[in-house]
Amino acid sequence: MPKEARPGTGEQAKQPALTRLRQAILGGEMAPAQRLVENELAEQFGVTRAGIRAALIALASEGLVERIRNRGSRVRVVSVEEAVAITECRMVLEGLCAAEAAVAASEEELTELADLGTAMSKAVADGEPMTYSRLNHELHGRIGEISGQQVAVELLERLNAQLVRHRFQLALRPGRPQQSLSEHLAMIEAIRARDPQAAEAAVRTHLAGVIDALRA
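Residues numbered from 1 in each chain as written. Predicted model: local features only at pLDDT ≥ 70, side-chain atom pairs only at ≥ 80, totals over all residues. Heavy atoms only, no water.

*Asks:* Mind showing me how you'd approach the pattern of salt bridges here?
*Replies:* For side chains bearing opposite charge, pairing can occur when the charged atoms are close. Within this structure, the stated rule accounts for 14 salt bridges. For Arg90, the salt bridge identified is with Glu94, shortest N-O distance 2.8 Å. Of the two residues, Arg90 and Glu94 are both situated in helix 4 (residues 80-104); the distance of four residues between them amounts to about one turn of the helix. Judged by its relative accessible area of 7%, Glu94 falls in the buried class. Note that Arg192 is salt-bridged to Glu189, the shortest N-O span being 3.5 Å. One end of the pair, Arg192, and the other, Glu189, are both in helix 9 (residues 176-192), three residues apart, so they sit about a helical turn from each other. A residue is classified by how much of its surface remains accessible, and Glu189, at 46% relative accessible area, is partly exposed. Within this structure, Glu109, Glu112, Arg142 and Glu145 form a network of salt bridges that share partners. (Salt bridge = Lys/Arg side-chain N within 4 Å of Asp/Glu carboxyl O. Helix = DSSP H or I, 4+ residues; strand = E, 2+ residues; numbered from the N terminus. Buried < 20%, exposed > 50% of the residue type's maximum accessible area, 1.4 Å probe, protein only.)

*Asks:* Where do I start with the pairing of strand 2 (residues 65-68) in this structure?
*Replies:* When a strand is regular, its side chains alternate between the sheet's two faces. Relative to strand 3 (residues 72-75), strand 2 runs antiparallel, the two being bridged by four bridges. Paired with Glu66 across the bridge in strand 3 is Arg74. Between strand 2 and the antiparallel strand that follows it, strand 3, lie three residues; Asn70 among them carries a positive phi value of about 65°. (Pairing = 2+ DSSP bridges.)

*Asks:* Before we go on, may I ask you to explain the packing of helix 5 (residues 107-125) against helix 6 (residues 129-147) in this structure?
*Replies:* Between two packed helices, the angle of one axis relative to the other and the distance separating the axes together describe the packing. Between helix 5 and helix 6, the shortest axis-to-axis distance is 9 Å and the interhelical angle comes to 165°. Classified by the angle between their axes, helix 5 and helix 6 sit roughly antiparallel to one another. For the crossing formed where helix 5 meets helix 6, the hand is left-handed. Taking contact as the criterion, the partners of Glu109, Glu112, Leu113, Leu116, Ala119, Met120, Ala123 and Val124 in helix 5 are, on helix 6, Thr131, Tyr132, Leu135, Asn136, Glu138, Leu139, Arg142, Ile143 and Ile146. (Axes fitted to C-alpha atoms, helices over the stretch in contact; angles between N-to-C directions. Parallel < 35°, antiparallel > 145°, perpendicular 65-115°, else oblique. Left-handed = near helix turned anticlockwise from the far one by under 90°. Contact = heavy atoms within 4.5 Å.)

*Asks:* Teacher, can you tell me more about the side chain of Thr48 here?
*Replies:* Positionally, Thr48 belongs in the loop between helix 2 (38-45) and helix 3 (49-61). Within the local environment of Thr48, its side chain forms a polar contact with the backbone nitrogen of Gly51, the two atoms lying 2.9 Å apart. (Polar contact = N/O pair within 3.5 Å; in protein donor to acceptor, adjacent residues only side chain to side chain.)

So yeah, pure geometry; function would need other evidence.
Below, the structure written as structure tokens:
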């Protein structure tokens, strides 16, 4: 991008840099511990260095970037122990969302969840782990949206963003999609049965399985 076309300083400069950099980290384009050099990123994304610096500060507050004194920034490494702790927090928030969704869902939304379950089953049967992973993420997000628990949804977005690398790794682990599919289908069925207690219990069972897989 020509220099004169680049946004200026402040919020105007930060937003395009923040969007591009966050997408690159969440999409797996940047590996954990990878150094984030402001000049290189500004050139790569066609934004100003000031915008990159502001974006790195914002991403550090989201837990995606680590800023090291006198050494610059890098993609934050989330250990297995921290991933487990984050997943334990997800248990509470996603359990709440599932229970609320079981009460709040419209008939159309219940059908949408059933269709997602069918698509997930097909992805497993076809041996497409990354498709399954995408649908898995979509299902969890959709349950949050249906629940109407906006505070929980926003907290979960921040927590899940920190787990992206572990999510990719679990998706590619042999046998993992098959193991988790039945857990997701149980979540869907409990919500479709409009049983809040069963929906919350199904989420907790599923995420306990995720914790076991992380520790394996």
